[in-house]
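# Observations on the model geometry
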Amino acid sequence: METRISSNPQGNEASGILRNRGSPQQVYGTNQESSSSGGGEPQIEEAELKYGASHVIHLFVPVSICMAMVVFTMNTVPFYTVSNGAQLLYTPFVKETDNIGEKALMSIGNALVLLCFVVVMTVLLIMFYKYRCYKIIHGWLIISSFLLLFLFTSVYVQEVMKSFNVSASTPTVWFCLINYGILGMMCIHWKGPLMLQQFYLIAMSALMALVFIKCLPEWTVWTVLFVISVWDLIAVLTPKGPLRYLVETAQERNEPIFPALIYSSGMLYPYTLVTTVMAGVGETSPSPNTSETNQGNETPSTSGLLKSGKKVKRIAQKVKNDNEMQQQNGGEAGPSTSRQQRQPAQNEQQHQQYHRSEQQMQQEERGVKLGLGDFIFYSVLVGKASSYYDWNTTIACYVAILIGLCFTLLLLAVFKRALPALPISIFFGLIFYFCTRWIITPFVTELTLQGILV
Amino acid sequence: MGTLLTISCYIFTFSPSFCIFCRFIAHDPVRIILFFLGSFFWLVSILFSSLIWLLLSQILPKPQSFFLAISTSILIQESSRIAYFLLLKAAQSGLNKITKQGQISVAPGVSDLQNSRHMLGLVCGLGMGVISALFLTMNAFAAFSGPGTIGMPEALLKSTVDVNRAGKYLPAFYSASALLLSCFHVCWTIMIWDSCHRFGRMPTAYLPGFAALITHFAVAYLDS
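Residues numbered from 1 in each chain as written. Chains lettered and ligands numbered in written order. Predicted model: local features only at pLDDT ≥ 70, side-chain atom pairs only at ≥ 80, totals over all residues.

The UniProt entry for chain B carries the following comment under Sequence similarities (unreviewed entry): "Belongs to the APH-1 family." Its UniProt record, at the heading Subcellular location (unreviewed entry), says of chain B: "Membrane". (UniProt positions renumbered as here; feature names shortened; annotations may be inferred.)

The name given to chain A in an unreviewed UniProt entry is Presenilin, with Caenorhabditis angaria as the source organism. In its Subunit (unreviewed entry) section, the UniProt record describing chain A reads: "Homodimer." Its UniProt record gives chain A a comment under Function (unreviewed entry), which states: "Probable subunit of the gamma-secretase complex, an endoprotease complex that catalyzes the intramembrane cleavage of integral membrane proteins such as Notch receptors."

This is the structure we're talking about:
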């Protein structure tokens with residue numbers, strides 16, 4: 001019942017885009033000249049830059065929060081820094097050895113095995129998505145987020161309480177945990193305030209990163225980071241890459257974006273409100289007919305999570321693709337030209353109203369999206385760097401990752417297509433990790449010993 | 001107790017930078033990005049200077065190599081400022097191409113380089129200053145919070161300088177010098193960029209930059 005209610009505006013929204021793509025001139029009949037004149041181009045770029053900058057910040061903040069959570073935990077809770085011999089299933093080579101060559105071989109082997117799992121799981125997901133098995137995907141995501149929200153959170157809370165020497169009664173802890181988990185499930189898979197949903201996504205990424213840091217053997221972390229970012233590059237950029245296929249299919253099907261697994265800086269939730277305004281205007285829109293599509297669209301605030309370490313998915317995605325570029329073209333120039341014309345006709349007013357809601361919706365929708373996998377691996381890098389009790393390394397990795405993210409978003413503004421967010425950031429981070437640890441920190445220590453500040 | 005000391009050290013060191021950040025930087029996304037880019041430039045410069053230090057320490061005996069490394073580090077830092085200025089200049093001309101006359105600028109910090117270039121210098125210099133202060137203090141502050149130590153245990157073991165020169169005021173002196181350093185970086189950036197901006201237009205253009213370089217050397221060598 002509820003899902004049907006919430007799916008309706010979504011459906012209309014999607015079809016609204018479809019309609020605009022089909023006949024942009026018809027919808028924005030009043031501003032043909034402005035959208036066709038060459039002067040529109042710099043305007044778009046300007047708007048992009050402005051929004052681009054604020055979007056960078058919208059991603060900086062959650063990434064920083066996630067990293068801060070991980071680093072704080074790494075420095076206060078000893079449980080996550082010491083390995084107790086528990087290993088992930090995907091890293092079979094765990095023998096303790098001092099031989100460097102053997103270590104290198106084992107870490108490369110581990111990374112390749114993990115990569116194989118990631119590839120298999122990604123392909124599996126793509127297959128499910130291709131044949132519209134939305135129920136399986138949703139079940140998968142729900143189970144994994146259930147695990148994270150209840151099981152991993154309870155382990156985390158237990159360890160935090162141990163290390164801060166807090167003792168609460170079992171019923172209190174259960175009460176809080178169950179409420180927390182159920183609220184999280186509602187926010188992620190059904191609906192809830194955007195802030196809350198973002199908070200849950202960040203918290204789950206941080207938990208996942210902590211699990212990675214704890215369970216991966218010492219050197220494997222670095223090879224895994226390297227291999228995963230190379231895979232990210234391949235999966236998003238090659239013509240037959242699975243993630244690229246995923247994004248393109250999602251755009252083809254006019255689903256907002258494949259809603260799971262992605263942190264969205266823009267509003268997903270409010271545009272159910274905005275699109276109810278549109279529902280009266282865009283009546284001609286064909287409503288999505290198959291129940292599967294409804295299933296796919298049903299969750300206004302859906303974003304899933306990686307399933308407990310198996311599959312990793314990350315897509316940096318600007319929602320604005322070509323058809324929305326057209327939309328924006330009209331939307332940007334629309335109000336100004338119609339203001340100049342000042343025709344009080346009823347029809348025109350309706351148009352304006354439409355523009356306004358449209359524009360509003362774009363602003364909501366024009367968020368930058370970052371896969372939760374990116375959050376996880378950024379946090380793994382920074383958290384691992386902080387586990388050696390050298391703050392310089394942590395800070396250097398943090399700045400390097402943020403600058404890498406900036407570069408990625410700059411490239412996003414240039415190429416206007418889905419780009420992998422991991423490679424640049426992780427390569428910067430790795431370079432600065434090793435350089436700081438081996439070269440910069442000795443120099444800086446020397447400086448501080450002499451009391452010299454340069 | 002140690003934790004409180006560390007927290008107070010951080011507050012002491014970074015409160016001016018924090019105030020400047022909140023007042024002038026936090027409200028504008030472009031400025032935040034420029035701030036982080038400034039810290040990245042400093043990071044790259046310290047990377048190069050420590051590489052040179054590594055090379056020099058293989059060739060020369062310790063004191064000479066160290067002081068030579070400090071000098072090259074200062075030179076590299078100042079040239080990284082110049083490089084940052086050139087980058088922003090290029091970005092600005094690129095932005096001017098796409099910004100029409102009379103329109104509100106896209107990136108106020110970058111486009112109005114002529115109008116508010118000192119503000120730009122402040123933003124970028126603060127990024128450099130904050131990261132250098134962080135690099136030089138974080139490990140020491142972390143050691144302050146340790147069990148029952150004041151000052152740096154490693155310093156007590158290895159250092160050749162008189163460890164008692166600061167005594168129990170070491171944290172205070174340390175925080176104060178880091179505070180000054182972060183503010184100095186702002187000044188140096190503004191001065192160097194002023195020189196860069198006027199270069200070729202005025203005969204005395206080199207003066208501020210030269211002064212910045214001299215004071216940078218003075219700060220480093222007065223410390224030692």
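We are not done yet, so read on.
Looking only at helices and strands, one finds eight helices and zero strands in chain B. Taken from the N to the C terminus, the helices and strands of chain B come in the order α-α-α-α-α-α-α-α. Across the 224 residues in chain B, those meeting the buried criterion constitute 39%. (Helix = DSSP H or I, 4+ residues; strand = E, 2+ residues; numbered from the N terminus. Buried ≥ 20, exposed ≤ 12 C-beta atoms within 10 Å, placed from the backbone.)

We now examine the UniProt feature "transmembrane region" (unreviewed entry) in chain B. According to UniProt, the positions carrying the feature "transmembrane region" (unreviewed entry) are residues 7-26, 32-56, 120-144, 172-193 and 205-222 of chain B. Across residues 205-222 of chain B, the secondary structure splits into 94% helix and 0% strand, with the terminal C-alpha atoms separated by 27 Å.

All names here are of chain A. You can see Ala 111 is positioned in helix H5 (residues 100-130). Sequence separation between Ala 111 and Val 227 is 116 residues, and the spatial gap between their C-alpha atoms is 6.7 Å. For Ala 111, the residues in contact, after removing those within four places along its chain, are Thr 220, Thr 223, Val 224 and Val 227. (Contact = placed C-beta atoms within 7 Å.)

Turning to helix H1 (residues 2-25) of chain B, a few remarks are in order. Residues and elements named next belong to chain B. Its 24 residues place the ends of H1 32 Å apart at the C-alpha level, agreeing with the 34 Å of an ideal helix rising 1.5 Å per residue. The sharpest bend along H1 measures roughly 55° and falls at Phe 14, with the proline Pro 16 sitting one to four residues further on. Within H1, the full set of buried residues consists of Cys 9, Thr 13, Ser 17, Ile 20 and Ile 25. Of the surrounding elements, those touching the buried residues of H1 are helix H2 (29-59), helix H5 (117-144) and helix H7 (170-198). (Expected span 1.5 Å × (residues − 1). Bend = angle between axes of the 7 residues up to and from the residue.)

This part covers the UniProt feature "transmembrane region" (unreviewed entry) in chain A. Residues and elements named next belong to chain A. Residues annotated by UniProt as "transmembrane region" (unreviewed entry) correspond here to residues 59-80, 108-129, 136-157, 163-182, 194-213, 219-237, 395-415 and 422-440. Annotation note: span residues 136-157, helix share 100%, strand share 0%, distance between end C-alpha atoms 30 Å. As annotated, residues 219-237 comprises 95% helix and 0% strand, and the C-alpha atoms at either end are separated by 28 Å.

The next thing to look at is the confidence of the model for chain A. Interpretation of the predicted coordinates at a detailed level should be avoided for regions scoring low in pLDDT. All names here are of chain A. Per-chain confidence: chain A averages 69 in pLDDT, with 64% of residues scoring 70 or above. Confidence over residues 1-43 falls short of pLDDT 50; this stretch has 77 contacts with residues more than four positions distant or in other chains. Residue range residues 267-350 is modelled with pLDDT below 50. Its contacts to residues more than four positions away, or to other chains, number 214 contacts. (pLDDT = per-residue confidence, 0-100.)

Counting through the fold element by element, A:Ile440 comes out in helix H17 (residues 422-450). Separated by 231 residues in sequence, A:Ile440 and A:Ala209 place their C-alpha atoms 26 Å apart.

Bringing unusual backbone geometry into the picture now. Residue and element names in this part refer to chain A. Backbone geometry places Arg 132, a non-glycine residue, at a positive phi of 60°. Checked against the element boundaries, Arg 132 lands in the loop between H5 and helix H6 (134-163). Unusually for a residue other than glycine, Asn 165 sits at a positive phi of about 60°. Secondary-structure assignment places Asn 165 in the loop between H6 and helix H7 (170-189). Residue Asn 165 is classed as exposed on the basis of its C-beta count, with 6 C-beta atoms lying within 10 Å.

Our next topic: the packing of H7(A) against helix H8 (residues 194-215) of chain A. Residues and elements named next belong to chain A. One way to put it is that H7 packs onto H8 with a least axis distance of 9 Å and a crossing angle of 110°. Taken together, the axes of H7 and H8 lie roughly perpendicular to each other. Contacts from Gly 184, Cys 187 and Ile 188 of H7 reach H8 at Leu 196, Gln 197 and Tyr 200. Grouping the amino acids of the contact of H7 with H8 by side-chain chemistry returns four nonpolar, two polar and no charged. (Axes fitted to C-alpha atoms, helices over the stretch in contact; angles between N-to-C directions. Parallel < 35°, antiparallel > 145°, perpendicular 65-115°, else oblique. Nonpolar A, V, L, I, M, F, W, Y, C, P; charged D, E, K, R; others polar.)

Looking now at the nonpolar core. Grouped together as the largest cluster of nonpolar side chains are 144 residues, with contacts concentrated most on A:Leu381, A:Val382, A:Cys397, A:Val399 and A:Ile401. Element by element, the count of residues in this core is highest for H5(B), at 16 residues. The contacts of A:Val382, once residues within four sequence positions are left out, are A:Met67, A:Val70, A:Val71, A:Thr394, A:Cys397, A:Tyr398 and A:Ile401. (Core = buried A, V, L, I, M, F, W, Y, C linked by C-beta atoms within 7 Å.)

Below, the discussion takes up the packing of H8(A) against helix H15 (residues 372-386) of chain A. A packed helix pair is summarised by two numbers, namely the angle formed by the two axes and the spacing between the axes. Residues and elements named next belong to chain A. Where H8 contacts H15, the two axes come as close as 8 Å, and the packing angle between them is 50°. Here H8 is positioned oblique relative to H15, judged by the angle of their axes. Crossing of H8 over H15 shows right-handed handedness. Each of Leu 201, Ile 202, Ser 205, Ala 206, Met 208, Ala 209, Phe 212 and Ile 213 in H8 lies in contact with H15, whose residues at this interface are Leu 372, Phe 375, Ile 376, Ser 379, Val 380, Gly 383 and Lys 384. Among the residues forming the contact of H8 with H15, the class breakdown is eleven nonpolar, three polar and one charged. (Left-handed = near helix turned anticlockwise from the far one by under 90°.)

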